[in-house]
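Overview (structure and organization)
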Amino acid sequence: MIIVVFLYFAAGFLLLLFLALLAVSSLIEKRPRAVVLSALLIIIVELAWFGGYFWLDPPFYILLIPLAVLTVFILLFFIPLGESWPLKITAITEKVDERDVVFAREEYRPGTEKYEKYYTLRPENKNIDDRMRRLPELLQPGGRYYDPVGSPQIDAVFGEIEKLTYEVDGEITQEKENVNPEKITRQVKGMVLKQGAVEVGVTELNPMYVYSHVGWGPETWGAPIVNSHRYAVVFALEMDYYNVETAPHLPITGESARQYLVGAKISVALAAYIRSLGYSARAHIAGSNYQIMLPPVAQDAGLGELGRLGYLISPKYGPRLRLGAITTDLPLLTDKPINFGVQDFCEKCLKCAVNCPSGAIPRDGQVNVRGVEKWPLNVEKCLHYWRYIGTDCGLCMKVCPFSHPPTLVHNLIRAGIRRSSFARTVSAWGDDLFYGKKVKYERFIEPEIL
Ligand code: SF4
Ligand code: SF4
């Protein structure tokens, strides 16, 4: 009997500790609704738990009921339960043409050769792209959140990134250094992490993730892309939580630009270092010079899983990331893809789709796109919205439950999400309860622009 009372009290303190951690985490995150709710729960649950014991003085076997309920809940939350499947990839039969990427298409100006050539090739994209071009350009006057002081500052950072697009490749040292794959992999990863990345992985480069033709950047537009590198080193930079919380306003775009610049510098330096060892290497950076599709390559390198919102979701930082990469022939040790329940969680959650102002994120199930079972993002709708407001929006990143900072309480919840389908259901529901299902933002979008 004394053991039961002891366990009852221990469980009561455990509950208190969890709710207190949740309250502290919500304070750190500056989420008043979650702070108030967890404080209320502390009062109600603890009054019922301890007050019930002292006021009702129940016989010991009655104490077994709440103890059993709590034990079953904890077990269901943390034991491997239900199906957790990785992104399903069958045979990828077709490469993506970089000329079709929406950010390349917005650069085709009427009256230019590119414009004529592209819309002769893809007449089906002309109407929607012409409508997009009638909207103000990102960070330019006319966007709803344009700031005459802040927007040009961010534009200047993107200008710096563009200069680096001319330094992605270079001369390879004639004499090849003899390298030990294990040692050099450690060296390469260490270099990337020391310069500010939070995650890094290596994969054999799937040639189907190399774009077929040049769509942007200093190289010849429309030329076939040749990249026969065996490996890709991919890394992630964490976007500041508080800046992401400002979405869809300007600071999140400033944060994107900041991280893209850091990523570009890391990639260019790493590729130069590898070439100095006598091996071929090319950086793939933002500002219009990618040769490879970063999210699926990052998934292959074990950095995370692709989620409903179209971004890579990492176990620790969620989609609050910017990616960078190099490809190379340097012999490296590879990492394996990971599966921590994202596909199942996204099926249950839908929060990004519910909050997406442009309706770019699908609410339905996954469909097969070129051999990959995924949620197809309507990139045109997304970019139309960006140009309409003058920032890169980011509401989907902000609301995603995986975007919470890696505090103790969120790490505990993620440990459950990784293992148990029950935990994924409860956590998706709990996130809506504590942080709200819908975020508030100015819903001024006019449907005819989309
Ligand atoms: S960035 Fe904004 S518009 Fe684009 S998918 Fe995310 S929420 Fe939707
Ligand atoms: S908000 Fe929900 S559905 Fe969307 S990517 Fe994040 S977890 Fe998946």
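See above for the structure.
For the structure given in this document, a descriptive report is provided here. Fair warning: this is a prediction, and the values are worked out from it, not measured in the lab. (Residues numbered from 1 in each chain as written. Chains lettered and ligands numbered in written order. Predicted model: local features only at pLDDT ≥ 70, side-chain atom pairs only at ≥ 80, totals over all residues. Heavy atoms only, no water.)

Here 4 strands make up an open sheet; going across it, the order is 1-2-6-3 and the pairing antiparallel. The sheet is open, and its two borders are formed by strand 1 (199–204) and strand 3 (281–284), each paired with just one other strand. Neighbouring strand axes in the sheet, compared pairwise and without regard to direction, differ in orientation by 20 degrees on average. In terms of strand pairing, strand 3 meets strand 6 (residues 321–328) through 4 bridges, oriented antiparallel. Of the residues in strand 6, the one forming a bridge with Ala281 is Thr328. (Pairing = 2+ DSSP bridges. Helix = DSSP H or I, 4+ residues; strand = E, 2+ residues; numbered from the N terminus. Axes fitted to C-alpha atoms, helices over the stretch in contact; angles between N-to-C directions.)

A separate point is the site of ligand 2. Around ligand 2, the structure places Arg308, Leu309, Ile313, Phe345, Cys346, Cys349, Leu350, Lys351, Cys352, Cys400, Pro401 and Phe402. The dominant element in the shell around ligand 2, judged by the number of residues it contributes, is helix 12 (residues 342–349), at 3 residues. Partitioned by chemical class, the residues of the shell around ligand 2 number 10 nonpolar, no polar and 2 charged. (Near = heavy atom within 4 Å. Nonpolar A, V, L, I, M, F, W, Y, C, P; charged D, E, K, R; others polar.)

Below, the discussion takes up helix 1 (residues 2–29). The end-to-end C-alpha separation of helix 1 is 40 Å, in line with the 40 Å expected for 28 residues at 1.5 Å each. Along helix 1, the positions that sit buried rather than exposed are Val4, Val5, Tyr8, Ala11, Gly12, Leu15, Leu19, Leu22, Ala23, Ser25, Ser26 and Glu29. Buried residues belonging to helix 1 abut helix 2 (32–56), helix 3 (60–78), helix 9 (241–244), helix 16 (408–419) and helix 17 (421–435). Downstream of helix 1 by one or two residues, Lys30 has phi in the positive range, about 60 degrees. (Expected span 1.5 Å × (residues − 1). Buried < 20%, exposed > 50% of the residue type's maximum accessible area, 1.4 Å probe, protein only. Contact = heavy atoms within 4.5 Å.)

The next thing to look at is the packing of aromatic side chains. Enumeration over the complete set of coordinates arrives at 23 aromatic pairs. On the numbers, 6.5 Å between centres and 45 degrees between planes, the contact of Phe158 with Tyr260 is tilted. Here Phe158, found in helix 7 (residues 150–164), pairs with Tyr260, found in helix 10 (residues 250–276); they are 102 residues apart in sequence, far enough to count as distant. Taking the relative accessible area as the measure of exposure, Phe158 reaches 22% and is therefore partly exposed. Under the relative-accessibility criterion, Tyr260 is labelled partly exposed at 21%. Each residue in the set Tyr8, Phe9, Phe13, Trp49, Phe50, Tyr53 and Phe54 is aromatic and connected to the rest through ring pairs, giving one cluster. Above the face of the Tyr242 ring, Lys30 is positioned so that its terminal group lies 4.7 Å from the ring centre. (Phe/Tyr/Trp six-rings, centres within 6.5 Å; stacked < 30°, edge-to-face > 60°. Lys NZ or Arg CZ within 6 Å of the ring centre and 35° of its normal.)

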